[in-house]
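Analysis of the macromolecular model
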Amino acid sequence: ILAAIMMLLALIGAGVTLANVAWAEKYWLTLVPIFGLICVAAAWAQTRTLDRAVIRQVLHWLAVALIIAVNFSIFRRSGEQTSIATGLSTLLILALGCLLAGVHLEWMFALVGLFLLAIAIMVSVAQEYMALVLLIGAALIVIVLVGHHLMRKWMA
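Here is a short report on the structure shown in this document. (Residues numbered from 1 in each chain as written. Predicted model: local features only at pLDDT ≥ 70, side-chain atom pairs only at ≥ 80, totals over all residues. Heavy atoms only, no water.)

1. Re the overall build of the protein
How we decide: Numbered from the N terminus, helices here are DSSP runs of H or I no shorter than four residues, and strands are runs of E no shorter than two. In this description the radius of gyration comes from C-alpha coordinates, and the expected globular size is given by 2.2 Å times residues to the power 0.38. Using a 1.4 Å probe on the protein chains alone, a residue whose accessible area is under 20% of its type maximum counts as buried, one over 50% counts as exposed, and one in between counts as partly exposed. Should any heavy atoms of two residues lie within 4.5 Å, those residues are considered in contact. Under the convention used here, a 1.4 Å probe and the Shrake-Rupley method define accessible areas, while residue burial counts only the protein chains that appear.
Each helix and strand counted, the protein has 6 helices and 0 strands in total. Listed N to C, the secondary structure of the protein is α-α-α-α-α-α in terms of helices and strands. On C-alpha atoms alone, the protein measures out to a radius of gyration of 16 Å, which is about the 15 Å that the 2.2 N^0.38 rule sets for 156 residues. Relative to its 156 residues, the protein shows a buried fraction of 41%. Counted over contacts in the protein with a minimum sequence separation of 6, partners at least 24 positions apart contribute 63%. Here the protein displays about 8600 Å² of accessible surface, and carbon together with sulfur accounts for 73% of that area.

Set out below in structure tokens:
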């Protein structure tokens, strides 16, 4: 369910990116702590204690936030990157953060990371393919929800 929420937020971000690039940067930046809290909550739900998995997720998402802050404060403000490039690199960093959370925590977060990567590629290569990304995203949300339901049935 958490991965489906993350994908839904990513779909909204894709729409925001197409509508207004300046506002899209703020949206993707806002997703960093939201995605971080979702992953920390997922790690906490697995153990119900402040163990290594929870601490690793906290550090993981703090590192993602730090890299994105450097991206904005140094590269964009120095004029090395345009705001579009900064927004896309922020999206790539967020995609990597989700992908690695999927590798180390829960596989469905890796799907979110791959979906964010697809959004970044589609936005940078051809915006006319965004409808395809939105359809793929909707399909992935359904797959994640069905997969979650089936996993619960098999585990019970």
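Read on for the rest.
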